[in-house]
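Chain residues, written in single-letter form:
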Amino acid sequence: MFEDNMKIELSNNNELEVPQETTLFHIAKSIGNSFSKKAALGYVNGELKEITYVIKENSKVDFITYEDKEAEESIKYTLAFLISYVIQKQFENIKIADLGVDNNSFYCDFQNPIKNINKNDLKDINKALYKLIESNPTIEISEMSKEKAKVVLADKAYMKYHIEHNNEENIKIAKIGDYISLITYPIISNLTKLKNYKLKNISSTNWLRDVNNEPLQRISGIAFSSREALEDHELFLEKYENINHRKLGKELNLFTFSDYAPGMPFYKHNGQIIRLELQNLLRKLQFEEDYEEVYTPFIMNESLWKDSGHWDHYKDNMYFTDVDDLKYSLKPMNCPGHMLIYKNEHHSYRDLPIRMAEFGQVHRHELSGSLNGLFRVRTFNQDDAHIYINKKQIENEILNVINLIDKVYTIFGFDYEIELSTRPDDYMGDINLWNFAETSLENVLKYNNLKYTLNEKDGAFYGPKIDIHIKDALGRSHQCGTIQLDFQMPEKFDLNYINENNEKERPVVIHRAIYGSIDRFLGILLEHYSGKLPLWLSPNQVNIIPVNNKLHLHHVSRIKKLLKSKGIRVNVDNTEEKMGYKIRNAQISKIPYTIVIGDDELNNQTLSVRKYNENKNKIYNIDEFVEKIVSEKNVFN
C-alpha cells in the first residue's frame, strides 16, 4: 500500500509531494509549466525513462531537457522507430529487422520481399515522416515479460531474435495505432520536437551485418535537438567532403582498395613513405627509451588463441586456414607472440623492465557494411609494445608511457583527453589483482595531476586500461593511444622471472599502443592537416620544374642529386605542359616546395622557390635553400 502522496527528490535536492502513480510529465509541470515543455526524459532512481513513465513510489528524479546530449540519443532512436512505422504503412509485406542509433545517425533495417525501395521512394517516406511528426500521435509504451512479448510480436520473425537476446527482464513495446514494435531505448513522446532531422541514405546491408545472412535494406538519417545543430552539422559535412581522407588518398596518390581484398588497403609508393616515416619517428623515440624491436609471424596455431584467452572474445572476427591437418589463424593481435618470445628465455629481476615493441600486421574480419577507408579496415599495422615489469615498477613505467604518448601527440599538434576504463563484467582473473591494477593506474593519474574521466566496465577482459582520445582540427575525438595493465596473460603463459630471493615470480605486463593503428592514424592525419602534411612527412618534399627541358634539365638533375644526397625527397616535372599548369599541379599535390629553374637561376646559381599555398616565389642561393630545407626536415633530430 502506498501513502496518499509520494515524495520525489529532485537533482537540486528539492523535494516535491505528488499524488501516487504520477507521470514524469506531471512532475515536470509541478516544477513549472515552461519547464514541462523542455523536459524530454527523466532518470528515475538512475534509470532513464520516457516522460510518460508512471512513478509508483518515492523516487529520485533527474530530468533531461531537449538541449541535453542524452535527449539527442532518444530523438534519433524515436525517429528510427517512426521510420519503421512509416515504411510499414507505405509498403506491403515489409519486415522490420532492426532499428537503432549509430553515432550521429539513426537507422532502420528491413526486408521487402516484393521490391527494393529506391532513392525516389525515400522522398515519399520523408514526406510521410514529416506529416506524422506534425500530427504528433500518441505513442503508447508498455512493458511485458519475454513470453508475452513473443506472443504479441508473433508475426514479426526478426523481433523474436531481439527478444531472446535482450538482457532485460522485461521487454518494452511501443505502439502507434495498430502498429507495434519492440524498443530498447527510451523514446520521445512529443514528436513535434523531432523536426531537426534529415534522411540521408538508403543502402544495402545484411541481417546482423553478416554477409552469409539474408540481404536487407537500411534507411539512415541524422538528427539533432536544434535546427542550428543540424545546420552546423551540414556545414561540417560540406567542409569534410573536401578533406575526406579517401578523397585525399586518391588525389595525393597514396593508397587504393580492390574488390579482390575488401577492406585491405594497397599502399602506393607515396603512401608507403608516410607509413615508414610514422614508424621511424616512433622507432627513434622507442630506441631512446630502451625498447627492443621484435617481429612475430602473421599466422599461428589456433590453440595459441585459446591458451591466451583471446578465443572467446575474438574468434568471430578471425581468419582461419588448415595447414598439415592443423587449424591455424591469422593473428588479430600481437600479444601472444610477444609472450612466447619472453617465455623463450630466462629472466632475472635485474632485466626488468623489458620493453618489447613491434610494428605488427594484424587481421580482423569486419563486416562489409562497417568498412570505412583507413578508419575501419580488415588488416592494419599496430605499433604494439609489451613491457614486462614487477609490481613496484608499475606506476613509474605507466608514467613513462604517458610521457612518450604526450611527446608523440605534441609533435602532431594534437590535444588529447585521458579516460580510465575499469573491470568489465566478463573480466578474467582474481578480483584482488584487478583492484590493485585499477588503483595503480588511478594513482599515476592523480599523483601527476592528469585530468581524466572514468569509463566504468570498459576495460579489456584481462586488465584495466587508460585510453587516450586525440582531438583533430575538426574538433572530432579519436581513441588512439592505450595503456593496459595485465596480470592475466603472464598467468596464462606461465611467465616468470627470478626475483631477489632467487625465487620464481610472475611479471606484470603493460600493453601499450600510441598510434593504435598506423593506417587509421594516417587517415586521421590526412584530415587533420587537410592533406597538407608537414615537410618531414610529405612523400614529395620538393618539386623542381625546368622552364625548358632542353636548356635547363641538366642543371635540374644536378640540383635534384644534391637535395637527394641530403635526404630530401625530390620530384622533377619535365612534362611538356605549360608552366602555369605545372605549378597548379604541384599545389594540388600539396608539395611543400616548388622550385622553378630557368636562365636566370642557371646563370646566377640561384633557386626560385614557391612554398605551398603562397602566390609569390622567393629567390635563394643554392646552399642557403639546402641548409633551410634540411634543417626543417630534421626538426626532430
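The structure reproduced in this document is the subject of the present report. Numbering of residues starts from 1 in every chain and runs along the sequence as written. Side-chain atom pairs in this predicted model are given and counted only at pLDDT of 80 or more, local residue features only at pLDDT of at least 70, and totals for whole chains, interfaces and linings cover all residues. Note: side-chain values were computed over all heavy atoms of the structure, leaving out hydrogens and water.

### Focus: unusual backbone geometry
Going by this rule: Note on conventions: DSSP H or I runs of at least 4 residues are helices, E runs of at least 2 residues are strands, and numbering of each starts at the N terminus.
Note that the residue after leucine 352, namely proline 353, is joined by a cis bond; omega there is 0°. Tracing the chain through its elements places proline 353 in the loop between α12 (335-343) and β21 (354-363). One non-glycine residue, aspartate 494, lies in the positive phi region at around 55°. With respect to the element layout, aspartate 494 can be found in the loop between α15 (488-492) and β27 (497-498). Even without being a glycine, lysine 590 presents a positive backbone phi close to 55°. Its place among the elements puts lysine 590 in the loop between α18 (579-588) and β32 (593-597).

### Quick notes on the pattern of salt bridges
Put simply, the rule reads: Any Lys or Arg side-chain nitrogen found within 4 Å of a carboxyl oxygen on Asp or Glu counts as a salt bridge. Think of it in three bands: residues with accessible area under 20% of the maximum for their type are buried, residues over 50% are exposed, and the middle band is partly exposed, with areas taken using a 1.4 Å probe on protein chains only.
By the definition in use, this model includes 28 salt bridges. Linking lysine 69 and glutamate 72 is a salt bridge whose minimum nitrogen-to-oxygen distance equals 3.2 Å. Residue lysine 69 and its partner glutamate 72 are located together in helix α3 (residues 69-90), separated by three residues, close to a single helical turn. We classify glutamate 72 as buried; its relative accessible area is 7%. We note a salt bridge from aspartate 121 to lysine 115, for which the minimum N-O separation is 3.2 Å. Given the relative accessible area of 12%, aspartate 121 is considered buried. Judged by relative accessible area, lysine 115 falls into the partly exposed class, the value being 37%. In the salt-bridge network here, residues are joined through shared partners; they are Glu47, Lys49 and Glu143.

### A few points about the nonpolar core
The following threshold applies: By convention a nonpolar core is built from buried Ala, Val, Leu, Ile, Met, Phe, Trp, Tyr and Cys residues, the set being connected through side-chain atoms within 4.5 Å. Contacts are residue-level and defined by heavy atoms, with any inter-residue pair within 4.5 Å sufficient.
One finds Leu278, Ile398, Tyr409, Phe412, Ile466, Tyr515 and Phe521 to be the most contacted residues of the largest nonpolar core, which totals 57 residues. By residue number, the principal contributor to this core is helix α13 (residues 394-412), which donates nine residues. Other than its neighbours up to four places away in sequence, tyrosine 409 contacts Phe414, Tyr416, Ile468, Ile470, Cys480, Gly481, Ile514 and Phe521. Ile117, Ile171, Leu182 and Ala223 belong to the second-largest nonpolar core, a separate cluster that totals 52 residues.

### Thoughts on the environment of cysteine 480
Looking at where cysteine 480 falls in the secondary structure, it is placed in strand β26 (residues 477-486). Since its relative accessible area comes to 5%, cysteine 480 is described here as buried. Placed 213 residues apart in sequence, cysteine 480 and tyrosine 267 show a C-alpha to C-alpha distance of 21 Å. Beyond its immediate sequence surroundings of up to four residues, cysteine 480 is in contact with Tyr409, Ile468, Ile470, Ala513, Ile514, Tyr515, Gly516, Arg520, Phe521 and Ile524.

### Regarding the sheet that holds strand β9 (residues 105-111)
As a reminder, the rule being used: For two strands to be treated as a pair, DSSP must find at least two bridges joining them. Only the stretch in contact is used when a helix axis is fitted, and all axes are lines through C-alpha atoms; the angle between N-to-C directions ranges over 0 to 180 degrees.
Strand order in this open sheet of four strands is β8-β9-β14-β13, and the pairing throughout is antiparallel. The open sheet has two edge strands with one neighbour each: β8 (95-102) and β13 (197-206). With strand direction ignored, the average angle separating the axes of adjacent strands in the sheet is 20°. Here β8 runs beside β9; their pairing, made up of seven bridges, is antiparallel.

### Let's talk about the packing of aromatic side chains
Rules: The aromatic pairing rule takes the rings of Phe, Tyr and Trp, using the six-membered ring of Trp, and pairs them if the centres are within 6.5 Å, calling planes under 30 degrees apart stacked, those over 60 edge-to-face and the rest tilted. Two thresholds decide whether a charge sits over a ring: the Lys NZ or Arg CZ must be within 6 Å of the ring centre and within 35 degrees of the ring normal.
Scanning the entire structure with this criterion turns up 21 aromatic pairs. Plain terms: the ring middles of phenylalanine 412 and phenylalanine 414 are 6.3 Å apart, the flat faces sit at 40° to each other, and that makes the pair tilted. Exposure class is identical for phenylalanine 412 and phenylalanine 414. Each is buried. By the ring-pair criterion, three or more aromatic residues cluster together here, those being Phe412, Phe414, Tyr515, Phe521 and Trp536. Looking at arginine 275, its charged tip hangs above the ring of tyrosine 267, at a distance of 4.6 Å from the centre. A cation sits over an aromatic face here: lysine 391 above phenylalanine 436, 5.4 Å from the ring centre.

On their own, these measurements won't tell you what the molecule is for.
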